Amino acid sequence: MRESILTIPVSEIFEPKCGCPICRMRDMLEQRTVEYIMGAAMMEPDVRMETNRLGFCKTHFEQMRACKNRLSLALMLQSHLQDIQKHIFNRKSIFEGKTAKQKKVSAVNNECFVCSKIEWGMSRLMVTFFEMYSKEKDFRTLFQEQEMLCLPHYDLLVGMAAENVEKRWQKQFTDDCAALTKKYLDLLEKDVSHYCKMYDYRNTGKDADWGNSKDSIERSIKFLTSR
């Protein structure tokens, strides 16, 4: 897969200031990869060999199925199923996991072409992200102005800070991450609590004020899971 497909300026990802920026980073990589594999790349022999080897997870199969080009998906499935016919019943190494843990369950249940490209792209974008935070004042300000960090990505960033952020900026970075997460967490708790109160009989009626609570369940799930 051409590296340019997954090359996204980090500053561009942080400009919208809507939702979690790391989720946006992942979602942009995901979208580009699905569009790539559902386009002309589907007919490239080297790509077809890789998709035959890795396959796709259910989430990305569903995203591909939602695309308009169903023929591309059918052609990919045709060669993938034919490849499985050759190897799966003999338990060839192509379907065996690389680690001891993975070998307990074959790689056919653990790997996905799109997931692998997202992981590859994220690893490189995160290096750039930490470098920009450490060296660019404007980017630190841009990071502080984000709407929120979801809980999984808060945990990820804080966990990576010691090895990736310049020492003099590490405390500020973790403080910035905590501030973004706490601000949104407090808002969510308030909205969910208000949602629950609206089921009290005293708050019923056509003039009932739900405020911003109607989608608080969906927003809470997204905050807690990043999806």
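None of the values given here were measured: they were computed from a predicted structure.

A. Fine view of the packing of helix α7 (residues 113-135) against helix α10 (residues 170-197). Look at α7 against α10: their axes get within 10 Å of each other, and the N-to-C directions meet at 110°. When the axis of α7 is compared with that of α10, the two are roughly perpendicular. The handedness of the crossing between α7 and α10 is right-handed. Contacts from Phe129, Phe130 and Tyr133 of α7 reach α10 at Gln172, Phe173 and Asp176. Split into classes, the residues belonging to the contact of α7 with α10 amount to four nonpolar, one polar and one charged.

B. Local environment of the packing of aromatic side chains. According to the stated counting rule, one finds 15 aromatic pairs in the structure shown. Their ring planes at 50° and their centres at 6.2 Å tell us that Phe14 and Phe143 sit as a pair that is tilted. Pair noted here: Phe14 is in helix α1 (residues 10-14) and Phe143 is in helix α8 (residues 137-144), with a separation of 129 residues, a long-range link. Here Phe14 falls in the buried class, since its relative accessible area comes to 0%. Each member of the aromatic cluster is reached from another via a ring pair, and the members are Phe14, Phe129, Phe130, Tyr133, Phe139, Phe143 and Phe173. When the ring centre of Trp169 is taken as origin, the NZ or CZ atom of Arg140, which lies over that ring, is 3.6 Å away.

Criteria and thresholds
- Residues numbered from 1 in each chain as written.
- Predicted model: local features only at pLDDT ≥ 70, side-chain atom pairs only at ≥ 80, totals over all residues.
- Heavy atoms only, no water.
- Axes fitted to C-alpha atoms, helices over the stretch in contact; angles between N-to-C directions.
- Helix = DSSP H or I, 4+ residues; strand = E, 2+ residues; numbered from the N terminus.
- Parallel < 35°, antiparallel > 145°, perpendicular 65-115°, else oblique.
- Left-handed = near helix turned anticlockwise from the far one by under 90°.
- Contact = heavy atoms within 4.5 Å.
- Nonpolar A, V, L, I, M, F, W, Y, C, P; charged D, E, K, R; others polar.
- Phe/Tyr/Trp six-rings, centres within 6.5 Å; stacked < 30°, edge-to-face > 60°.
- Buried < 20%, exposed > 50% of the residue type's maximum accessible area, 1.4 Å probe, protein only.
- Lys NZ or Arg CZ within 6 Å of the ring centre and 35° of its normal.

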